[in-house]
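Coordinates in review
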Amino acid sequence: MGTVNVINVAAKHKPAWYQRLYSYSIANGLWITLKHFIKAAFLKGAVTLEFPEKKRKFSNRFRGMHTMKRDEIGRERCTSCFCCMWICPADAIKIEAGHVTPEIQHLHPEDKFAKKFEIDLLRCIFCGMCEEACPKGAIYLDGPAEMAADNREDLILTKERMMQKVGGPILGERL
């Protein structure tokens, strides 16, 4: 292995006299800003979207808000197995299980159901591990992308806010 003479390398990369001036650095930065402005304003058009009127199109792999799915009959898919809660690296999911009584048997396919299901979006890192761990396909990250809120309580998703109104088959898997 060869050795490197540090003094010779530093002498080769010594800046010129005009590069050491403060005004040269300012002009160089302004030139970069001007180039980006001209590209955005005149050559390619606007880069921003008029948000409420126009919405961004996301790919099918985009991880948005959490949604809970129903099956073809309209029953809740979640059987409160706690797999999503255990695998969550941010500890953002809290589940409280309940036993199915004969009065609500038509709403749940098995003996247990999620009486309370909450996801704290302030803790969630949207990794999708809950989606992969669910054996019943009950939770997906395919909801809307708008996640702005005025207070902390709005950033805690409850089962009622996540649950789909109409059920259906799960179409394929994520890519």
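Residues numbered from 1 in each chain as written. Predicted model: local features only at pLDDT ≥ 70, side-chain atom pairs only at ≥ 80, totals over all residues. Heavy atoms only, no water.

The strand order β2-β3-β5 describes an open sheet built from three strands, whose pairing is antiparallel. Only two strands of the sheet have a single neighbouring strand rather than two, namely β2 (93-99) and β5 (156-158). Neighbour-to-neighbour, the strand axes of this sheet turn through a mean angle of 15°, independent of strand direction. (Pairing = 2+ DSSP bridges. Helix = DSSP H or I, 4+ residues; strand = E, 2+ residues; numbered from the N terminus. Axes fitted to C-alpha atoms, helices over the stretch in contact; angles between N-to-C directions.)

One pass over the full model with this rule turns up five aromatic pairs. Between Trp 17 and Tyr 18, the ring centres sit 5.9 Å apart and the planes meet at 90°, which makes this aromatic pair edge-to-face. Overall, the relative accessible area of 61% leaves Trp 17 in the exposed class. Seen in terms of ring centroids, Phe 58 and Phe 62 are 4.1 Å apart; in terms of plane orientation they differ by 15°. Their pairing is stacked. Clustering of aromatic rings is evident, with ring pairs tying together Trp 17, Tyr 18 and Tyr 24. (Phe/Tyr/Trp six-rings, centres within 6.5 Å; stacked < 30°, edge-to-face > 60°. Buried < 20%, exposed > 50% of the residue type's maximum accessible area, 1.4 Å probe, protein only.)

We now examine a nonpolar patch on the surface. A grouping of Trp 31, Ile 32, Leu 34, Phe 37, Ile 38, Phe 42 and Leu 43 is seen on the molecular surface, where their side chains present a nonpolar patch of about 760 Å² in accessible area. Within the fold, Leu 34 resides in helix α2 (residues 22-43). Overall, the relative accessible area of 39% leaves Leu 34 in the partly exposed class. (Patch = residues over 30% accessible without salt bridge, like charges linked within 9 Å, V, L, I, M, F, W, Y side chains within 5 Å. Areas by Shrake-Rupley, 256 points an atom, 1.4 Å probe, with all protein chains shown as cover. Salt bridge = Lys/Arg side-chain N within 4 Å of Asp/Glu carboxyl O.)

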